[in-house]
Amino acid sequence: MLSLIVEGMHKLGESPALIRCREIDVPLVESLMPQVEAAYRAAHGREAPNVRLDTANPLPPPPRNAEEQSSGERVFCSGGVIVTSSDGSIECTNTLDDRLRIAYMGNLPALRGMFDT
């Protein structure tokens with residue numbers, strides 16, 4: 001999770017930044033906040049932007065079961081963070097769901113080629 005936060009802050013390139021996560025992940029993200037600045041400095045060789053946890057706008061909770069996950073009726077989040085600018089106009093989405101979607105979409109042409117006759 002620390003790497004996701006640092007990567008999102010770097011890609012966003014804005015200060016101050018807000019971190020959004022699921023309510024269930026708030027204790028974990030809060031425990032990582034003291035480490036964020038040092039990890040950012042180590043990874044990018046410069047001071048970290050100001051960042052704070054946005055608990056007023058949490059990400060959706062995880063799916064409760066496989067049926068709910070495949071139904072598409074309920075919005076859910078499997079984990080990760082979204083790092084946004086303070087006014088919310090720019091966001092870097094670093095959630096598992098979005099990473100899987102990007103990987104799927106990136107591999108779709110190859111998959112189509114495998115099944116074309």
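Refer to the structure printed above.
A. Representation of the pattern of salt bridges within the structure. Enumeration over the complete set of coordinates arrives at six salt bridges. A salt bridge links Asp25 to Arg22, with the nearest nitrogen and oxygen atoms 2.8 Å apart. Arg22 carries the same exposure label as Asp25, and that label is buried. Arg101 serves as the salt-bridge partner of Asp98, at 3.5 Å between the closest nitrogen and oxygen. With Asp98 and Arg101 both in helix H4 (residues 96-115) and three residues apart, the pair spans about one turn of that helix. Looking at Asp98, the relative accessible area reads 21%, which means it is partly exposed. By relative accessible area, Arg101 is classed as partly exposed at 46%. In this structure, a network of salt bridges that share partners links the residues Glu7, Lys11 and Arg99.

B. Structural context of the sheet that holds strand S4 (residues 91-95). The mixed open sheet is built from four strands, whose spatial order is S2-S1-S3-S4. The sheet is open, and its two borders are formed by strand S2 (51-53) and S4, each paired with just one other strand. This sheet shows a mean twist of 20° between the axes of neighbouring strands, independent of strand direction. Sheet topology places strand S1 (residues 17-20) next to S2; three bridges connect them, and they run parallel. Bridge pairing in S2 places Ile19 opposite Leu53. Against the sheet, helix H1 (residues 2-12) engages S1, S2, strand S3 (80-85) and S4, with an angle of about 25° to S3.

Definitions and cut-offs
- Residues numbered from 1 in each chain as written.
- Predicted model: local features only at pLDDT ≥ 70, side-chain atom pairs only at ≥ 80, totals over all residues.
- Heavy atoms only, no water.
- Salt bridge = Lys/Arg side-chain N within 4 Å of Asp/Glu carboxyl O.
- Buried < 20%, exposed > 50% of the residue type's maximum accessible area, 1.4 Å probe, protein only.
- Helix = DSSP H or I, 4+ residues; strand = E, 2+ residues; numbered from the N terminus.
- Pairing = 2+ DSSP bridges.
- Axes fitted to C-alpha atoms, helices over the stretch in contact; angles between N-to-C directions.
- Contact = heavy atoms within 4.5 Å.

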